[in-house]
Structures are given as C-alpha cells and as structure tokens.
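Working through the structure, step by step
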Amino acid sequence: DTSSNVDAMLDALKPTAIVFTKLDLWPELATRAQARAVAVGMVAGTVSPVSRRRLPVARWLARAGYAALDLVGAIADQDARGLQLLGTPGDRISVTGDPRFDSALHRAGAVPPDWPPRRLTAGGTTLVAGSTWSPDEAVLVDALATVRTTHPGARLVLVPHEPDPDHVAELMGLLAQA
C-alpha cells in the first residue's frame, strides 16, 4: 500500500470503483483512488471493540483512508460507530448486516418446506454448523450435550471443512463419546 505501487495499479487498471471487504481497508489505495474520482466503498464493514485500529496511532495513520470511503455497509450498529471513530463520515454508513449469515438465512427461508433435505431439521431445534474444524466441533459437541439436558430433542448437523474419512471417523468417535 505504497503510493508508487498504488499509482501503478490505478494507472494499469483504471477502475471506476474499489470495494473493500470487512476490515481490509488499504488507506493509500483509498485516498489515491478518491483523488482520481474513483468510487470507494466497503461491504461487511466491521471494527472489533478490541481492534488495534482503535489505538490512537493506528487511527491517525488510517484516518484519511476511512474518510475516503464514499459508501459503507456496516455489519452492525457498533461497527458503524467504530468506522466513524476511524474517520468515516456517519452519513456515508448504513447498517446492512453480515452477508455471510444474512444471505444464508434469506436463502434458507426461500426453500420449500417439502424439499427433501429439510427433513434434517424438521421436528426439533437443530443447529447446522458448516465448514467446521476439529476445535469448533469439540465445542459444538460439548454444547449439544449441555443443551440436551433441557432440550432433549435438540440436534446438531456438522459439516466439516475437510470431510476426509479420517476426520469423519474422529468426529464420529467424538459424537459417540458425547
């Protein structure tokens, strides 16, 4: 994110818009694009309450980049406030939710009730956890055991990130122990 690299990229690509995702703002790219009248935006904008970007020196270094954003879709109200703290004018920020979850929820709601895979979640409270890793699965299996003490019909559908035979066998063993 140096001025010479950014200028070379902008000269080569001649973009009409640049959109950053989540927290990946490149301040030099944002400011130099804005100077060339390139639209600069952000989707799924987020700022953790403990982010190092909130520290005074980091805010000072990145402020111009955040101020260069023309339009931002923040995940939640607290993210909108964090983005303002970093320098984005509040009138350029809208809370649009988290596309990772909200779009999946929208798609799930559009599935017909008689669609055969829906049987996986019919008749009880079911948590579907996708793209899981071993540490996630250990926590989820323990949580399911706890939840089942008060909700015996609760179910868990795990979709491992890497469903190779060894991992699935390990997971089946974990579930059998629980």
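What counts, and at which threshold
- Residues numbered from 1 in each chain as written.
- Predicted model: local features only at pLDDT ≥ 70, side-chain atom pairs only at ≥ 80, totals over all residues.
- Heavy atoms only, no water.
- Patch = residues over 30% accessible without salt bridge, like charges linked within 9 Å, V, L, I, M, F, W, Y side chains within 5 Å.
- Areas by Shrake-Rupley, 256 points an atom, 1.4 Å probe, with all protein chains shown as cover.
- Salt bridge = Lys/Arg side-chain N within 4 Å of Asp/Glu carboxyl O.
- Helix = DSSP H or I, 4+ residues; strand = E, 2+ residues; numbered from the N terminus.
- Pairing = 2+ DSSP bridges.
- Right-handed = clockwise from strand over helix to strand, strands pointing away.
- Buried < 20%, exposed > 50% of the residue type's maximum accessible area, 1.4 Å probe, protein only.
- Contact = heavy atoms within 4.5 Å.

Glancing now at a nonpolar patch on the surface. Side chains of Val57, Trp60 and Leu61 sit close together on the surface and give an oily, nonpolar patch of about 410 Å² of accessible area. Topologically, Leu61 is positioned in helix α3 (residues 56-67).

A word on the pairing of strand β3 (residues 71-74). Strand direction decides the pairing type here: strand β2 (residues 39-45) and β3, joined by three bridges, are parallel. When the sheet's bridge partners are listed, Met42 is paired in β3 with Val72. Viewed along the sheet, the connection from β2 through α3 into β3 turns out right-handed. As paired strands, β3 and strand β4 (residues 93-95) are joined by three bridges and run parallel to one another. Of the residues in β4, the one forming a bridge with Ala74 is Val95.

Consecutive side chains of a regular strand alternate in pointing toward one face of the sheet and then the other. The side-chain alternation of strand β6 (residues 155-160) yields one buried face, formed by Leu156, Leu158 and Pro160, and one unburied face, formed by Arg155, Val157 and Val159. In this view, the connection linking strand β5 (residues 126-132) to its parallel neighbour β6 by way of helix α6 (residues 134-147) has right-handed handedness.

With that settled, the discussion passes to the environment of Ala62. Tracing the sequence through the fold places Ala62 in helix α3. Overall, Ala62 belongs to the buried group, its relative accessible area being 14%. For Ala62 and Leu25, which are 37 residues apart along the polypeptide, the C-alpha to C-alpha distance reads 8.5 Å. In this structure Ala62 touches Leu25 and Pro27, once residues within four positions along its chain are discounted.

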